[in-house]
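Observations on the model geometry
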Amino acid sequence: MERVRGLYVILAIIVILGGAEGQLVENFYGFTCPNVEFIVQQAVSMKFSQTFVTIPATLRLFFHDCFVEGCDASVMIASPNGDAEKDFKDNLSLAGDGFDTVVKAKEAVEFQCPGVVSCADILAIATRDVVVLAGGPSYNVELGRRDGLISKASRVAGNLPEPDFNLIQLNTMFARHNLSQFDMIALSGAHTLGFSHCDRFANRLYSFTPSNPVDPSLDPEYAKQLKEMCPQNVDPSIAINMDPVTPRTFDNEYYKNLVGGKGLFTSDQVLFTDKSSQGTVSDFANNAFDFNGAFVTAMRKLGRVGVKTGNQGEIRLDCTRFNS
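Bear in mind that the values here come from a model prediction, so they are computed numbers and not experimental data.

With that out of the way, let us pick up the overall build of the chain. Each helix and strand counted, the chain has 13 helices and two strands in total. Over its C-alpha trace the chain gives a radius of gyration of 20 Å, about what one expects of a compact globule, namely 20 Å for 324 residues. For the C-alpha atoms alone, the extent of the chain along its principal axes is close to 70 × 45 × 35 Å. Within the chain, counting contacts between residues at least 6 apart in sequence, those at least 24 apart form 73% of the total. Accessible surface for the chain amounts to roughly 14,900 Å². Of this, 54% is attributable to carbon and sulfur atoms. Each charge sign in the chain was given a centre, from 28 positive and 37 negative side chains, and these centres are 2 Å apart.

Structure below.
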């Protein structure tokens, strides 16, 4: 027992000093807030009981946070001047329930462990929890992130995937974060949940090319359904499910949709139409076990992107405001 305690003390010292390479560890709060994951899970479950949107909103929030400044909760900052990350046009569609989930979880954690757990770590834990609530795989979350001190709308442009990206553009953007094509395809499976506004894919229905107004890679019946749900000049607040088959379940249906020409974005469908990625999509469509394993590995890699550890950043007391 003494030996085990001694190992924890050594680990705690390494963590406090930031470690030689700023690595995250699974039991970072083993002494300082041992129940943190349970506390967050309870808060997430409570929020989910109020609205299903909790699930896709939190998952998308994590992606958008990590791709800009790294996984440091910078997307949570609210600026009185409207110039923070969340104010950039590509982030305006982030559902408020994702932000609220993190805020509620932070309040619950602060009640038991004041000033100890970062908002970035809470978002990472909550993201795993919503995946599980939707029927997806569970995984151990590496912890030890600190909250970033920069959140600027001007630094978002060019750092988030666009719905019209081709495979090269997708691979280039993900490679910046040490994520491979295989990781990118697995992470794209998050589109099995959530929804999109019509204007993000309207060009595929009405103005794809002069000779082909409707994207020929779209299944004709699916294109017809999309037109019915998203007529031209539709109310911009109208949104439809990313996965038309099982929109509330985390499964491999997304890849089956791609095989059937039912990818909502160009950046979705290209994963199947491009021969260099088609094999992976086919495998994930046929084997949920392979997809789940790849998704877990990729999510853990994503969670390491641009993290602040040791004496970097801060432990924000309010996720929406810098301490200073």
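Moving on from the coordinates now.
Before going further, it helps to examine the nonpolar core. With 77 residues, the main nonpolar core has V40, V109, L187, Y255, L271, M299 and L302 as its most contacted residues. Residues within four places of L271 in sequence aside, it is in contact with L167, L170, M184, I185, S188, Y254, L258, S277, Q278 and V281.

With the rule as written, the count across this model stands at four disulfides. At a sulfur-sulfur separation of 2.0 Å, the disulfide partner of C66 is C71. Because the torsion about its S-S bond is 120°, the bridge between C66 and C71 counts as right-handed. Classification of C66 as buried rests on a relative accessible area of 0%. Residue C71 is classed as buried on the basis of its relative accessible area, which comes to 1%.

This part covers the packing of helix α3 (residues 54-66) against helix α5 (residues 119-133). Between α3 and α5, the shortest axis-to-axis distance is 9 Å and the interhelical angle comes to 140°. The orientation of α3 with respect to α5, classified from their angle, is oblique. Note on packing geometry: the crossing formed by α3 with α5 is left-handed. Packed against α3, whose contacting residues are T54, I55, T58, L59, L61, F62 and D65, the element α5 presents L123, A124, A126, T127, V130, V131 and L133 at the interface. When the residues that make up the contact of α3 with α5 are grouped by side-chain class, the tally is ten nonpolar, three polar and one charged.

Bringing the pattern of salt bridges into the picture now. Within the structure shown, the criterion is met by 16 salt bridges. Across the pair D129 and R128 runs a salt bridge, and its minimum N-O distance is 2.8 Å. R128 matches D129 in its accessibility class, with the two residues each being buried. The salt bridge involving K301 is made with D183; its shortest N-O contact spans 2.6 Å. Of this pair, K301 sits in helix α13 (residues 288-302) while D183 sits in helix α7 (residues 181-188); the two residues are 118 residues apart in sequence, bridging distant segments of the chain. Overall, the relative accessible area of 24% leaves K301 in the partly exposed class.

A rise of 1.5 Å per residue sets the reference length of α13, with its 15 residues, at 21 Å; its end C-alpha atoms lie 20 Å apart and thus fit the reference within 8%. Every buried residue of α13 is listed here: F291, A294, F295, V296, A298, M299 and L302. Of the surrounding elements, those touching the buried residues of α13 are α3, α5, α7, α10 (253-259) and α12 (275-286). At the N-terminal end of α13, a side-chain oxygen is found 3.0 Å from the backbone nitrogen of F289, two or three residues along, and the residue is N287.

Our focus in this paragraph is the packing of aromatic side chains. What the rule picks out here adds up to eleven aromatic pairs. Their ring planes at 85° and their centres at 4.9 Å tell us that Y254 and Y255 sit as a pair that is edge-to-face. A relative accessible area of 3% places Y254 in the buried class. Residue classification places Y255 among the buried positions, given a relative accessible area of 0%. Among the aromatic side chains, those forming a connected cluster through ring pairs are F182, F250, Y254, Y255, F284, F291 and F295. Directly above the ring of F99 sits K86, whose terminal nitrogen or CZ lies 4.3 Å from the centroid.

Trans is the prevailing form of peptide bonds, just as negative phi is the prevailing case for residues other than glycine. Of note in the backbone geometry, E69 takes a positive phi value of approximately 70° without being a glycine. One can find E69 in the loop between α3 and α4 (96-112).

A separate point is the packing of helix α2 (residues 36-50) against α5. Packed helices, taken two at a time, are described by their axes: the angle between them and the distance between them. Across the interface, α2 lies against α5 with an axial gap of 9 Å and an inter-helix angle of 55°. Here α5 runs oblique to α2, going by the angle between their axes. By crossing handedness, the relation of α2 to α5 is classed as right-handed. Note on element contacts: α5 touches α2 through I122, I125, A126, R128, D129, V130 and L133, opposite V36, E37, V40, Q41, V44, S45 and F48. Residues of the contact of α2 with α5, tallied by class, amount to nine nonpolar, two polar and three charged.

Moving on: the side chain of S277. With respect to the helices, strands and loops of the structure, S277 is situated in helix α12. For S277, a relative accessible area of 0% translates into the label buried. The contacts of S277, once residues within four sequence positions are left out, are L167, Q181, I185, V270 and L271.

Cut-off values and rules
- Residues numbered from 1 in each chain as written.
- Predicted model: local features only at pLDDT ≥ 70, side-chain atom pairs only at ≥ 80, totals over all residues.
- Heavy atoms only, no water.
- Helix = DSSP H or I, 4+ residues; strand = E, 2+ residues; numbered from the N terminus.
- Rg over C-alpha atoms; globule rule 2.2 N^0.38 Å.
- Contact = heavy atoms within 4.5 Å.
- Areas by Shrake-Rupley, 256 points an atom, 1.4 Å probe, with all protein chains shown as cover.
- Lys, Arg positive; Asp, Glu negative; His and termini not counted.
- Charge placed at Lys NZ, Arg CZ, Asp CG, Glu CD.
- Core = buried A, V, L, I, M, F, W, Y, C linked by side-chain atoms within 4.5 Å.
- Buried < 20%, exposed > 50% of the residue type's maximum accessible area, 1.4 Å probe, protein only.
- Disulfide = S-S within 2.5 Å.
- Axes fitted to C-alpha atoms, helices over the stretch in contact; angles between N-to-C directions.
- Parallel < 35°, antiparallel > 145°, perpendicular 65-115°, else oblique.
- Left-handed = near helix turned anticlockwise from the far one by under 90°.
- Nonpolar A, V, L, I, M, F, W, Y, C, P; charged D, E, K, R; others polar.
- Salt bridge = Lys/Arg side-chain N within 4 Å of Asp/Glu carboxyl O.
- Expected span 1.5 Å × (residues − 1).
- Polar contact = N/O pair within 3.5 Å; in protein donor to acceptor, adjacent residues only side chain to side chain.
- Phe/Tyr/Trp six-rings, centres within 6.5 Å; stacked < 30°, edge-to-face > 60°.
- Lys NZ or Arg CZ within 6 Å of the ring centre and 35° of its normal.

Worth remembering: the numbers are spatial, not functional.
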